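Coordinate inspection notes
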Amino acid sequence: MSLLALTALTASAQKFALIDMDYILKNIPAYERANEQLNQVSKKWQAEVEALNTEAATMYKNYQNEVVFLSQDQKKARQEEIMGKEKEASELKRKYFGPEGELFKKRESLMSPIQEEIYNAVKDISELRGYSLVLDRASDTGIIFGSPKIDISNEVLEKLGYSK
């Protein structure tokens, strides 16, 4: 019985806070610039991939139009060319957009410093105020209600030098 009371007492002594990571990030100009840079490079790379796919589609259409005039060897050579172009497009897409691709690496290099800065600000505030746990209300954590009184998002922005 005393163990249960002690657990309840310990649990009630813990302090919690919420942050809204989306709100914080939207108020950091470097994040917006990084996002814009990622969008631009993503569009450029997507256009490169689409150009290869279009080239492969054109090669296939030409092949279909000329297939009756081609020898077996010519057909085979054309098919291999088309498959080669499709493979090239697929490999380029994986290189740019794959799980460990260039876009992932670029996002990591641009966003990591910002996320690290936010993490350190949250950590400093948590240590100063004695928070045991800080949850992100913007993520899919299942928070149904969080009192605005425990939301420290503006405090985090102030600590980072962005007053709201």
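To be clear, the structure that these remarks concern was listed above.
Residues numbered from 1 in each chain as written. Predicted model: local features only at pLDDT ≥ 70, side-chain atom pairs only at ≥ 80, totals over all residues. Heavy atoms only, no water.

Notes on the packing of helix α3 (residues 29–66) against helix α5 (residues 102–129)
In the contact formed by α3 and α5, the axes pass within 10 Å of each other and the chain directions differ by 175°. Judged on the interaxial angle alone, α5 and α3 are roughly antiparallel. On α5, the residues touching Ala 30, Tyr 31, Ala 34, Asn 35, Gln 37, Leu 38, Val 41, Ser 42 and Trp 45 of α3 are Glu 102, Leu 103, Lys 106, Arg 107, Leu 110, Met 111 and Ile 114. Along the lines of polarity and charge, the residues of the contact of α3 with α5 split into ten nonpolar, three polar and three charged. (Axes fitted to C-alpha atoms, helices over the stretch in contact; angles between N-to-C directions. Helix = DSSP H or I, 4+ residues; strand = E, 2+ residues; numbered from the N terminus. Parallel < 35°, antiparallel > 145°, perpendicular 65-115°, else oblique. Contact = heavy atoms within 4.5 Å. Nonpolar A, V, L, I, M, F, W, Y, C, P; charged D, E, K, R; others polar.)

Here we look at a nonpolar patch on the surface
A grouping of Phe 16, Leu 133, Leu 135 and Ile 150 is seen on the molecular surface, where their side chains present a nonpolar patch of about 290 Å² in accessible area. Within the secondary structure layout, Leu 133 lies in strand β2 (residues 131–136). (Patch = residues over 30% accessible without salt bridge, like charges linked within 9 Å, V, L, I, M, F, W, Y side chains within 5 Å. Areas by Shrake-Rupley, 256 points an atom, 1.4 Å probe, with all protein chains shown as cover. Salt bridge = Lys/Arg side-chain N within 4 Å of Asp/Glu carboxyl O.)

Observations concerning the packing of aromatic side chains
Each aromatic ring pair is described using two quantities: the centre-to-centre distance and the angle formed by the ring planes. Applying the stated criterion across every chain yields a total of three aromatic pairs. Between Trp 45 and Tyr 96 the ring centres are 4.5 Å apart and the planes differ by 5°, which places this aromatic pair in the stacked class. Linking Trp 45 in helix α3 with Tyr 96 in helix α4 (residues 72–97), this pair joins segments that are 51 residues apart in sequence. Accessibility assignment for this pair places Trp 45 and Tyr 96 in one class, buried. Three or more aromatic residues joined by ring pairs form one cluster here, namely Trp 45, Tyr 96 and Phe 97. (Phe/Tyr/Trp six-rings, centres within 6.5 Å; stacked < 30°, edge-to-face > 60°. Buried < 20%, exposed > 50% of the residue type's maximum accessible area, 1.4 Å probe, protein only.)

Describing the nonpolar core
Counting 27 residues, the largest nonpolar core has Ile 24, Ile 28, Ile 114, Ile 118, Ile 152 and Val 156 as the members making the most contacts within it. Every element with two or more residues in this core is listed here: β1 (15–19), α2 (21–26), α3, α4, α5 and α6 (153–159). The residues contacting Ile 114, other than those within four sequence positions of it, are Leu 25, Ile 28, Ala 30 and Tyr 31. (Core = buried A, V, L, I, M, F, W, Y, C linked by side-chain atoms within 4.5 Å.)

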